[in-house]
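What follows is the residue order along each chain.
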Amino acid sequence: MTAQSQYRWRRDKEGLGVWEHRGKVAVAGYGHSPVDRRWDETSMDQTLGAYSILACQKAMADAGVTPDQIDGVICCPTTIAGASGGAASNWAPRPFFDPPYDSEWGLTRVNAQWLIKQMNLRNVKYAPASAPTIGEMVGMASQAVGDGLCTTCLVIYPTGNLTGRYRRGGENAEDYAKGERQWTVPWGNHGGNDFINIFPHNEYCLKYGGAHDDLAPFVINQHRNGLMTPWGFNATHDVPQLTLEDYVTSRYILNPLRLWDCDRPVNASAAYLFTTADRAREMQQPPVYVLNHSQHNFKQRSTQPMLDEIETWTDFAARQMYEGSGLSAGDVDIFNPYDGYSTMTQFYLEAFQWHGVKRGDAFAFYADDIRVEGPHPFSSGGGNLGNGRTRTSMYTDSIEQLRGTAGRRQVKVRAETALCAFTTPSSGGWLMLGKYPS
Amino acid sequence: MPKVIPAPDELSKPFWDGVNKKRLLLQNCAACDAYQYPPRETCATCGSVESLGWKEVRGRGHISSYIVIEDGRLDRRMPDQPYNLAVVTLDEDPGINFYSNLPGTPVHQVPVGAAVEVFFEEVGPGQLIHEWRVTR
Amino acid sequence: MARLISFDIDGTLEVGDPPGAITMAMVRIAEGLGIIIGSCSDRMVSDQTRIWRDHRIPVQFTVLKHQLDTVKAQFAADEYYHIGDTNMDRFYAERSGFKFLLTGAGVERLWIPQ
Ligand SMILES: [Zn+2]
């Protein structure tokens, strides 16, 4: 197994042209674990590790492949709470448990090496030790399969949560602010995507006209799509449909950011199986072809990213993705941008100009018919807001829509191409999928 | 409860030394004349390393937008909730911005667009931070 | 003396997510003693109503976490309590003139003789 640390797989520039492996790589399977609010610290069949194994088994079963066929494993080894959890992201109860739960691995974090061992995957030749988040991992897998580093690759995204741990304690309980935090924390900003996006969102409302609560139809529709997603948190936990009254009476977290603008941290895992288009055609499901992957990582000018920076970044991401896929806005049927805070989604919608939505048009678009049955089935997967903070419904819904297996969420419009992402918007990546290879 | 105390490091020490003397010193690039805040190892505008120095600015700015932190995650600040968090742009270079709790401005009553000036607030023994207040 | 007790749900009631220390049997005792009871939670009001209906406990109010002041305005009582498990429970309780009690720590002694 090679470390591949020098492997240059990213497509993070303009001018790279159409992706050289366009249509030659495919997604052949996916699998979701149950989505729990948190791990109870006693049920060993519900750990993040057990859920990741389950997700892999489901993805393999979906595709119809056996463990011996797996030769690539890409798994995000960090906790979803990320670096700002600090020491607190070593969350597992002490003392640890019997093997394989005798360390943090499998409890609060999962990595490729742990999975390979537990699942006895004997033929893995590509398993990078450090893998980025799901937004980039899908690109990493696509490129690795296209370049021939592996042929049958599992991509796993575990999102862990334990009682009382999520961004509580650790650095957020400290008296001193170190590193990048010295520029934000003394004034109350702990450094999350909520803060990053709420200021540009305020600027957006001022610049284009509109009020914060114009997000309501979007958030409500995300919940609606979530309730039609059988594996998601809302659908499996009897969460009632959010109403306009629920939304506009909900309390503020970072005023004007409301409770329902935020996603719900969960304990869950999902896996996807990437393979060559040729192999995918021999497998169990109709292949969903990868038409392009792209990444970006922008540095903000100063302390707080402003609207003009966010618009520049997202415009760049759109140009780059359209260039590499050889498609344009009018070609995109399914559009699943990220919503892990409702305040960021309008930036993506307008940058990619899906259904002709231009800068400043998003709120009017949200107020129109964005239901999956309608003419503009926006974010048909329901995102994090409808399913919990799994960061995967964008991918799974896109696959299902192209396969035609989205059930009650199946759109009535054409579903031959799908664009999906996890991005913040300064970093992350986009993935273009197609029902046909060209 | 008091604010969280910044912990200066090698790169930021000149900045915080300035703040502790009630001066707002920003990184400035001699090669391209760009200001930079927060400080970085290289000039983000031209890439120069050697040309980065420190230059005092007047400390005048404007409020560009604000939120009210009602349910934040920092233990030390929870007793202060709800409180204002504004973004202030620097008049000398509006591309530079700072956070401010706007001491003296009642919560929810932030005059967006108003002029502000820097002042310095003690948050720990011998450690000041740069804060901003609305000027009349 | 009229007494009012507001219950947070998640982390407070046994049916919450995560489950809390207050059992529905304890709540029923409070209701039987004529204490004015209800819930105050971040859950949607429809969700709160459903929980009480499922457990056949008649409550007098179901409000959002930041709306305890409306409960105080609606019901006259000599003592107002809110039982919850987070700093936001404490914040909204104290802001609305409720005495805040942390879940667990034997708060049921407030109404159940030991
Ligand atoms: Zn320079």
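Scroll up for the structure.
Residues numbered from 1 in each chain as written. Chains lettered and ligands numbered in written order. Predicted model: local features only at pLDDT ≥ 70, side-chain atom pairs only at ≥ 80, totals over all residues. Heavy atoms only, no water.

A.B. asks: Help me understand the overall build of chain A in this model?
C.D. replies: Helix and strand counts for chain A come out as 13 helices and 11 strands. Along the first, second and third principal axes, the C-alpha atoms of chain A reach 60 × 55 × 45 Å. In chain A, of all internal contacts separated by at least 6 residues, the share reaching a separation of at least 24 is 76%. Accessible surface for chain A amounts to roughly 14500 Å². Of this, 50% is attributable to carbon and sulfur atoms. Where the 40 positive side-chain charges of chain A centre and where its 46 negative ones centre are 3 Å apart. (Helix = DSSP H or I, 4+ residues; strand = E, 2+ residues; numbered from the N terminus. Contact = heavy atoms within 4.5 Å. Areas by Shrake-Rupley, 256 points an atom, 1.4 Å probe, with all protein chains shown as cover. Lys, Arg positive; Asp, Glu negative; His and termini not counted. Charge placed at Lys NZ, Arg CZ, Asp CG, Glu CD.)

A.B. asks: I tried to follow the side chain of A:Gln320 on my own but got confused; where do I start?
C.D. replies: Residue and element names in this part refer to chain A. Looking at the secondary structure, you find glutamine 320 in helix H9 (residues 307-325). At 3.0 Å, the side chain of glutamine 320 and the backbone oxygen of arginine 11 are in polar contact. Apart from residues no more than four positions distant in its own chain, glutamine 320 is found in contact with Arg11, Asp12, Lys13, Asn292, Ser294, Gln295 and His296. (Polar contact = N/O pair within 3.5 Å; in protein donor to acceptor, adjacent residues only side chain to side chain.)

A.B. asks: Sorry, what's going on with the pairing of strand E7 (residues 268-276) of chain A here?
C.D. replies: The side chains of a regular strand alternate, residue by residue, between the two faces of the sheet. Residue and element names in this part refer to chain A. Taken across its nine residues, E7 has nine buried, putting it largely inside the fold. By the bridge criterion, seven bridges tie strand E1 (residues 25-32) to E7 in an arrangement that is antiparallel. Across the sheet, the residue bridging to valine 25 is threonine 276, located in E7. Pairing analysis gives eight bridges linking strand E3 (residues 152-159) to E7, with the strands arranged antiparallel. Across the sheet, residue threonine 159 finds its bridge partner in E7, namely alanine 268. (Buried < 20%, exposed > 50% of the residue type's maximum accessible area, 1.4 Å probe, protein only. Pairing = 2+ DSSP bridges.)

A.B. asks: What is the right way to read the coordination of the zinc ion from this model?
C.D. replies: Ideal values differ by geometry: the angle at a metal is 109.5 degrees with four tetrahedral donors, but 90 or 180 degrees with six octahedral donors. Residues and elements named next belong to chain B. Every protein donor of the zinc ion is listed here as Cys29 (SG), Cys32 (SG), Cys43 (SG) and Cys46 (SG), and their distances to the metal cover 2.3 Å. Coordination at the zinc ion is tetrahedral: its four donor atoms span angles of 104 to 117° at the metal. Judged by relative accessible area, which is 0%, cysteine 29 ranks as buried. The buried category is assigned to cysteine 43, whose relative accessible area is 3%. (Donors = N, O, S within 2.8 Å, 3.2 Å for Na, K, Ca; no water. Tetrahedral: all angles 85-135°; square planar, octahedral: opposite > 155°, others 65-115°.)

A.B. asks: Sorry if this is basic, but what is going on with the side chain of A:Thr47 here?
C.D. replies: Residue and element names in this part refer to chain A. By secondary structure assignment, the location of threonine 47 is in the loop between E1 and helix H1 (48-63). At 2.8 Å, the side chain of threonine 47 and the backbone nitrogen of alanine 50 are in polar contact. Setting aside its immediate chain neighbours within four residues, threonine 47 contacts Trp39, Tyr101, Gly106, Leu107 and Asn267.

A.B. asks: What am I meant to see in the environment of B:Leu128 here?
C.D. replies: Residue and element names in this part refer to chain B. With respect to the helices and strands, leucine 128 occurs in strand E9 (residues 127-134). Judged by relative accessible area, which is 11%, leucine 128 ranks as buried. Distance in space between the C-alpha atoms of leucine 128 and proline 79 is 21 Å, their sequence separation being 49 residues. Aside from chain neighbours lying at most four places away, what touches leucine 128 is Trp16, Val19, Asn20, Lys22, Phe120, Glu121 and Glu122.

A.B. asks: Explain the sheet that holds strand E3 (residues 35-36) of chain B to me, please; I cannot follow it from the model alone.
C.D. replies: Backbone-to-backbone hydrogen bonds pair the strands of a sheet. The strands run either parallel or antiparallel. Residues and elements named next belong to chain B. Within the open sheet, the three strands sit side by side as E3-E2-E4. Their pairing is antiparallel. Every interior strand has two partners, whereas the edge strands, E3 and strand E4 (52-56), have only one. In this structure, strand E2 (residues 25-29) lies alongside E3, joined through two bridges in antiparallel fashion. Bridge pairing in E3 places asparagine 28 opposite tyrosine 35. Packing of helix H1 (residues 13-20) onto the sheet brings it into contact with E2 and E4, and relative to E2 it is tilted by some 140°. (Axes fitted to C-alpha atoms, helices over the stretch in contact; angles between N-to-C directions.)

A.B. asks: Looking at this structure, how should I read the interface of chain A and chain B?
C.D. replies: The extent of an interface is frequently quoted as the accessible surface area lost upon association of the parts. Tallying the contact residues gives 39 residues for chain A and 46 residues for chain B. Of the roughly 3700 Å² buried between chain A and chain B on both sides combined, carbon and sulfur atoms contribute 56%. Of all residues in chain A, the largest losses of buried area upon contact with chain B belong to A:Trp183, A:Trp187 and A:Phe199, amounting jointly to 23% of the total for that side. The tally of links from chain A across to chain B stands at two salt bridges. A salt bridge links A:Arg251 to B:Asp71; the nearest nitrogen and oxygen atoms lie 3.0 Å apart. Joining chain A to chain B, the criterion identifies 27 residue pairs in polar contact (both at pLDDT 80 or more). Elements supplying a minimum of two residues to the side of chain A that touches chain B: strand E4 (176-177), helix H4 (193-208) and strand E5 (252-255) of chain A. By residue number, the principal contributor to the side of chain A that touches chain B is H4(A), which donates six residues. For the side of chain A that touches chain B, the per-class residue count stands at 17 nonpolar, 13 polar and nine charged. Here two bridges tie E5(A) to strand E5 (residues 60-69) of chain B, and the two strands are oriented antiparallel to one another. Within E5(B), the residue paired with A:Asn255 across the bridge is B:Val68. (Buried area = accessible area lost by both parts, 1.4 Å probe. Salt bridge = Lys/Arg side-chain N within 4 Å of Asp/Glu carboxyl O. Nonpolar A, V, L, I, M, F, W, Y, C, P; charged D, E, K, R; others polar.)

A.B. asks: Even after reading the chapter, I still don't get the nonpolar core, so can you show me in this structure?
C.D. replies: Note on soluble globular proteins: their nonpolar side chains tend to be buried together. If you look at the biggest cluster of nonpolar residues, it comprises 172 residues, and the most contacted ones within it are A:Phe274, A:Phe352, A:Leu433 and B:Leu26. Counting contributing residues per domain, this core is built from domain 1 (9-57) and domain 2 (58-136) of chain B, each supplying no fewer than three. In this structure, A:Phe352 is in contact with A:Ala317, A:Ala318, A:Met321, A:Tyr322, A:Ala329, A:Phe335, A:Leu419 and A:Trp430, ignoring residues within four places of it in sequence. C:Leu13, C:Met26, C:Ile35 and C:Ile83 belong to the second largest nonpolar core, which has 21 residues in total. (Core = buried A, V, L, I, M, F, W, Y, C linked by side-chain atoms within 4.5 Å. Domains from an automatic or database assignment.)

A.B. asks: Is there a simple way to explain the state of the cysteines in this structure?
C.D. replies: Any covalent bond linking the sulfur atoms of two cysteines counts as a disulfide. Summed over all chains, the structure comprises zero disulfides over all chains. Here A:Cys75 stays free of any disulfide, with the sulfur of A:Cys76 as its closest cysteine sulfur at 6.9 Å. (Disulfide = S-S within 2.5 Å.)

A.B. asks: What should I look at first to understand the sheet that holds strand E1 (residues 3-7) of chain C in this one?
C.D. replies: Residues and elements named next belong to chain C. Spatially, the five strands line up as an open sheet ordered E3-E2-E1-E4-E5, and their pairing is parallel. Edge positions in the sheet fall to strand E3 (61-64) and strand E5 (99-102), since each of these pairs with one other strand and no more. Strand-to-strand twist across the sheet, computed as the mean angle between neighbouring axes with direction ignored, equals 25°. As paired strands, strand E2 (residues 36-41) and E3 are joined by four bridges and run parallel to one another. From the neighbouring strand, glycine 38 faces E3, where its bridge partner is phenylalanine 61.

A.B. asks: Explanation requested: the packing of H1(A) against helix H2 (residues 112-119) of chain A in the structure shown.
C.D. replies: Two numbers describe a pair of packed helices, the interaxial angle and the distance between the axes. All names here are of chain A. One can describe the packing of H1 onto H2 by two numbers: an axis separation of 11 Å at closest approach and a directional angle of 70°. Viewed along their axes, H1 and H2 adopt a mutual orientation that is roughly perpendicular. Between H1 and H2 lies a crossing whose hand is right-handed. Taken together, the residues of H2 that come into contact with H1 (itself represented by Gly49, Ser52, Ile53, Cys56 and Met60) are Trp114, Leu115, Gln118 and Met119. Here the contact of H1 with H2 is built from residues that sort into six nonpolar, three polar and no charged. (Parallel < 35°, antiparallel > 145°, perpendicular 65-115°, else oblique. Left-handed = near helix turned anticlockwise from the far one by under 90°.)

A.B. asks: Would you explain the pattern of salt bridges in this entry?
C.D. replies: Side chains that differ in sign of charge can pair as their charged atoms come close. Residues and elements named next belong to chain A. Scanning all chains against the criterion turns up 43 salt bridges over all chains. Between arginine 301 and aspartate 308 there is a salt bridge, and its shortest N-O distance comes to 3.1 Å. By relative accessible area, arginine 301 is classed as partly exposed at 37%. The closest approach of N and O atoms between aspartate 369 and arginine 371, which form a salt bridge, is 3.0 Å. Its relative accessible area of 22% is what places aspartate 369 among the partly exposed residues. Judged by its relative accessible area of 34%, arginine 371 falls in the partly exposed class. Put simply, Arg224, Asp369, Arg371 and Glu373 are held in one network by salt bridges that share partners.

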